[in-house]
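Letter by letter, the chains look like this.
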Amino acid sequence: MDSIRIRDFVDGAWVDDPAAETLPLYNPSTGQEIGRVTRTRPETSRAAIDAAARAYDGWRSLSVSRRIRYLFDLRRAMEDHQEDLAQAIALDQAKHVGEARGEVARVIEIIETACGIPTLIQGETLDNLGPGLSARVIRQPLGVFCGVAPFNFPALVFGWFVPFAIGAGNTFIFKPSPLSPYFMQKMADLFLEIGLPAGVVNVINGEADAAQPWFEDPRVRGICMVGSSATAKRIAAAAGQAGKRTMLLGGAKNYLVAMDDLPWDVFLQNFIHSCFGSAGQRCLAGSIVAASASIYDELIERVTAVSKSLKVGSALDPSVHVGPVISAQARDRVNEFIRIGVEKDNARLVLDGRNPDVAPDLKGGYYVGPTIFANITPCMTIIQEEIFGPVVGVMKIDGLDHALDLIRRQPYGNGACIFTQNLHYAEEFIRLADVGMIGVNVGVPAPHPYLPFGGIKDSLVGTNKVQGKDGIDFFTQNKIATIRAVPPRGPLDSSAPSASPAPPSGRVRSCVAG
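Residue positions are given per chain, counted from 1 along the sequence in the order it is written. Only residues with pLDDT of at least 70 are given local features in this predicted model, and only at 80 or more are side-chain atom pairs given and counted; all residues enter the totals for whole chains, interfaces and linings. With hydrogens and water stripped out, all remaining heavy atoms of the structure feed into the side-chain values.

Student: Looking at this structure, how should I read the overall build of the protein?
Tutor: Runs of E in the DSSP output that reach at least two residues are strands. Runs of H or I that reach at least four are helices, and both are numbered from the N terminus. Within the protein, the secondary structure is distributed over 16 helices and 23 strands. Sorting the 514 residues of the protein into buried and exposed places 55% on the buried side. Sequence separation of 24 or more characterises 74% of the internal contacts of the protein that already satisfy a separation of 6 or more. Summing over all exposed atoms, the protein offers an accessible surface of approximately 22100 Å²; the carbon and sulfur share of this is 51%. When charges are counted, Lys and Arg are positive and Asp and Glu negative, with His and the chain ends excluded. A charged residue contributes its charge at one atom only: NZ of Lys, CZ of Arg, CG of Asp or CD of Glu. For the protein, the distance from the average site of its 50 positive side-chain charges to the average site of its 54 negative ones is 7 Å. Note on classification: 1.4 Å probe, protein chains only; a residue is buried when its accessible area is under 20% of the maximum for its type, exposed when over 50%, partly exposed between these limits. Any pair of residues with heavy atoms lying within 4.5 Å of one another is described as a contacting pair. Accessible surface area values rest on a Shrake-Rupley calculation with a 1.4 Å probe, where residue burial reflects the displayed protein chains alone.

Student: Would you mind going over the pattern of salt bridges with me for this structure?
Tutor: Opposite charge on two side chains lets them pair, provided their charged atoms get close. The term salt bridge refers to a pairing of a side-chain nitrogen on Lys or Arg with a carboxyl oxygen on Asp or Glu at a separation within 4 Å. Applying the stated criterion across every chain, the model contains 30 salt bridges. The salt bridge involving K186 is made with D84; its shortest N-O contact spans 3.4 Å. Here K186 is found in helix α7 (residues 182-194), whereas its partner D84 is found in helix α3 (residues 82-92), with 102 residues between them in sequence. K186 sits in the buried class, given a relative accessible area of 18%. The partly exposed category is assigned to D84, whose relative accessible area is 36%. For D473, the salt bridge is made with R139, and the minimal N-O distance between the two is 2.9 Å. Here the residue D473 occupies a position in helix α16 (residues 468-474), and R139 occupies one in strand β7 (residues 133-140), the gap between them amounting to 334 residues. For D473, a relative accessible area of 40% puts it in the partly exposed group.

Student: Please clarify how the nonpolar core should be interpreted in this entry.
Tutor: Soluble, globular proteins show a tendency: their nonpolar side chains are buried together. Each nonpolar core is a collection of buried residues, namely Ala, Val, Leu, Ile, Met, Phe, Trp, Tyr and Cys, held together in the definition by side-chain atoms within 4.5 Å. Judged by nonpolar contacts, the single largest core of 63 residues is most densely connected at M78, F158, W160, F161, F172, M187 and F191. Looking at this core element by element, the count peaks at ten residues for helix α6 (residues 154-167). When neighbours within four sequence positions are excluded, M78 is seen to be in contact with L85, V104, V107, I108, I111, F183, M187 and L190. Counting 37 residues, the second largest nonpolar core, distinct from the first, contains F151, C275, V289 and V303.

Student: Any chance you could explain the sheet that holds strand β16 (residues 371-374) here in plain terms?
Tutor: Within a sheet, neighbouring strands are paired by backbone hydrogen bonds and run either parallel or antiparallel to one another. Two strands pair under a simple rule: DSSP has to find at least two bridges between them. In space, the seven strands of this open sheet follow the order β15-β16-β17-β14-β13-β19-β20, with mixed pairing throughout. A single partner strand is all that each edge strand has here, and the edge strands are β15 (348-351) and β20 (437-440). On average, each strand axis in the sheet is inclined to that of its neighbour by 25°, with strand direction left out of account. Here five bridges tie strand β13 (residues 254-258) to strand β14 (residues 286-292), and the two strands are oriented parallel to one another. Within the sheet, the bridge partner assigned to L256 lies in β14 and is V289. Inter-axis angles, ranging from 0 to 180 degrees, are taken between N-to-C directions of lines fitted to C-alpha atoms, where helices are fitted over the stretch in contact. Helix α11 (residues 296-308) rests against β13, β14, β15, β16 and β17 (391-397) of the sheet, and its axis sits at about 45° to β15. Along the sheet, helix α12 (residues 328-343) makes contact with β15, β16 and β17, crossing β16 at roughly 20°.

Student: What should I look at first to understand α12 in this one?
Tutor: What sets the pattern is the α-helix's 3.6 residues per turn: residues three or four places apart point alike. Multiplying 1.5 Å by the helix residue count minus one yields the expected span of that helix. The first and last C-alpha atoms of α12 sit 22 Å apart over 16 residues, in line with the 22 Å expected at 1.5 Å per residue. Among the residues of α12, A330, V334, N335, F337, I338, I340 and G341 are the ones counted as buried.

Student: Help me out: how do you make sense of the side chain of E103 in this one?
Tutor: Position of E103 relative to the elements: it lies in helix α4 (residues 97-114). In this structure, E103 is in contact with I89, K95, N152, F153, P154, A155 and L156, ignoring residues within four places of it in sequence.

Student: Help me understand the state of the cysteines in this model?
Tutor: Note on terminology: a disulfide is the covalent bond linking the sulfur atoms of two cysteines. Cysteine sulfur atoms are paired as a disulfide whenever they fall within 2.5 Å. Counted under the stated rule, the structure contains zero disulfides. Left unpaired, C146 is separated from the closest cysteine sulfur, that of C224, by 8.3 Å.

Student: Help me understand the packing of α3 against α7, please; the structure alone is not making it clear to me.
Tutor: Working note: a packed helix pair is described by the angle between its axes plus the distance between those axes. Interaxial distance between α3 and α7 falls to 8 Å at its minimum, and their mutual angle equals 155°. With respect to α7, the axis of α3 lies roughly antiparallel. Contacts from D84, L85, A88, I89, L91 and D92 in α3 reach Y182, F183, K186, M187 and L190 in α7. As a working rule, the residues Ala, Val, Leu, Ile, Met, Phe, Trp, Tyr, Cys and Pro are called nonpolar, Asp, Glu, Lys and Arg charged, and the rest polar, with Gly in that last group. Of the residues contributing to the contact of α3 with α7, the split by class is eight nonpolar, no polar and three charged. By the definition adopted for this analysis, an angle is roughly parallel if under 35 degrees, roughly antiparallel if over 145, roughly perpendicular if from 65 to 115, and oblique otherwise.

Student: Just to check I follow, could you spell out the pairing of strand β6 (residues 124-130) for this structure?
Tutor: For a regular strand, side-chain orientation follows a simple rule: the groups alternate between the two sheet faces. Both β6 and β7 contribute to a ladder of four bridges, which runs antiparallel. Along β7, the bridge assignment pairs L126 with A135. What sits between β6 and β7 in their antiparallel hairpin is a turn of two residues, with G132 showing a positive phi close to 70°.

Student: Any chance you could explain the environment of A51 here in plain terms?
Tutor: Considering the arrangement of structural elements, one finds A51 in helix α1 (residues 42-61). For the pair A51 and M437, spaced 386 residues apart in sequence, the C-alpha to C-alpha distance is 37 Å. Ignoring any residue separated from it by four or fewer positions in sequence, one finds A51 in contact with V10, D11, G199 and N202.

Student: Can you help me understand the sheet that holds β7 in this one?
Tutor: Pairing is antiparallel across the open sheet formed by three strands, whose spatial order is β6-β7-β23. At either end of the open sheet lies a strand with only one pairing partner, and these are β6 and β23 (477-484). Across the sheet, the mean angle from the axis of one strand to that of its neighbour is 20°, orientation sign disregarded.

Student: Just to check I follow, could you spell out the packing of aromatic side chains for this structure?
Tutor: The geometry of an aromatic ring pair is captured by two quantities: the separation of the ring centres and the angle between the planes. Think of it this way: a Phe, Tyr or Trp ring, Trp meaning its six-membered ring, pairs with another when their centres are within 6.5 Å, and the plane angle makes it stacked under 30 degrees, edge-to-face over 60, tilted otherwise. Counted by the stated rule, this structure contains 17 aromatic pairs. Aromatic side chains F9 and F191 sit 6.3 Å apart centroid to centroid with 50° between the ring planes, which places their arrangement in the tilted category. Within this pair, whereas F9 is found in strand β2 (residues 8-10), its partner F191 is found in helix α7, the two being separated by 182 residues in sequence. The exposure class assigned to F191 is buried, which follows from its relative accessible area of 3%.

Student: Would you explain α7 in this entry?
Tutor: Counted at 1.5 Å a residue, the expected span for α7 with its 13 residues is 18 Å, and the 19 Å between its end C-alpha atoms agrees. Among the 13 residues of α7, ten are classified as buried, and the element is accordingly described as predominantly covered. Following α7 by one or two positions, G195 has its phi on the positive side, about 75°.

Okay, structure coming up:
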């Protein structure tokens, strides 16, 4: 295939900047360079802010039905190009193509939800506050928003941010990861195809320094990011100092709790999907299995057997279940955690995913196979750190209270799942598990687009979650109007003019309209 050229998209047009440096773009399945990524210069980043700011007044002035029509057009265009978009994700992000198709389908569903914005942004009215007195709450857009996506979900994070932001009347600047920018190149082509007005959505590329002008420009009203908790906290500090809103989703370490009455078939199917889907590179991946003592040995035997059967290989191979991790650095990092688990933590390595067998033409790819540790404890490094790879540890628990205590003690609070047929266990887990997203006999507890998505504790910096009504709240501001209806007085009004009003009197005077 021809070398891929990743360019900036600003003010409705592709930017050719010969002065900009470029970064290599790799196919993780093979390790081969497949293109070059523009490293956006500060001048281009500021030009994107200028374009978004210029577009804002015209965009927000469009009727809400007209704005939503563009979202309907974008949904249709994504459906028409669904396979092309999925192939783009599978190529540079190396998510298995089946999962990439699922990611694109989920974004289409999110856009469908955002198409309900005319209902979601309706305000409120309170009548008869006093004689002729009423009040209204009006939801309005704020201006320019900016967002940063991680490498692992280039489409989904776009869906979490952009449709809700622009549907509400804002404009947007989006920066994908330099490791997986190809999807957004395809999306910019779709913006042109549907005739989205120039400047409403802009795309810049490169490293973190491309986003620095966002913090310095007062026209940028808010910043969104999905990434590590450490990065989220740095952005929160910088944005807070500049008076900007933030929507920041951080890291995770998610438990799968296996009770003694678990439905085995459901658990094993969800274990594979949760722990090894996307090569373990997602914020809702199961990375710790807490198993009741009575089933502990059997569980290790069963999960090891099913994990050994999973094929490792190219993201474009339909028969593969576990594709590569994103980069050589990521592979080496995961392998180092496996070494630490063995040599420092003294955990029992039941299944070693280092240097898995792959086809000869894939030897340059970045592969780690399914890896399972047993006899783990909460103090181990491999339990405390987010590994972000296909590595899972299994620990023994005394019961539900023990599992809940383990979840409560960890700093992250993204998701947790319980596998049981006991309604009491399920309801107690829902009530007491100290996380933001719960699964009951579900291995990846990702809420559907109509509901908010996000964790608690160190998994969410701030209070703003993505999608659903929470997304609308973040991308709008409330304006409150207090109105007194005064009868008109004019040539046709025969009533006598009222006397000059007397000054306020009395011991208590109202601090609001009365």
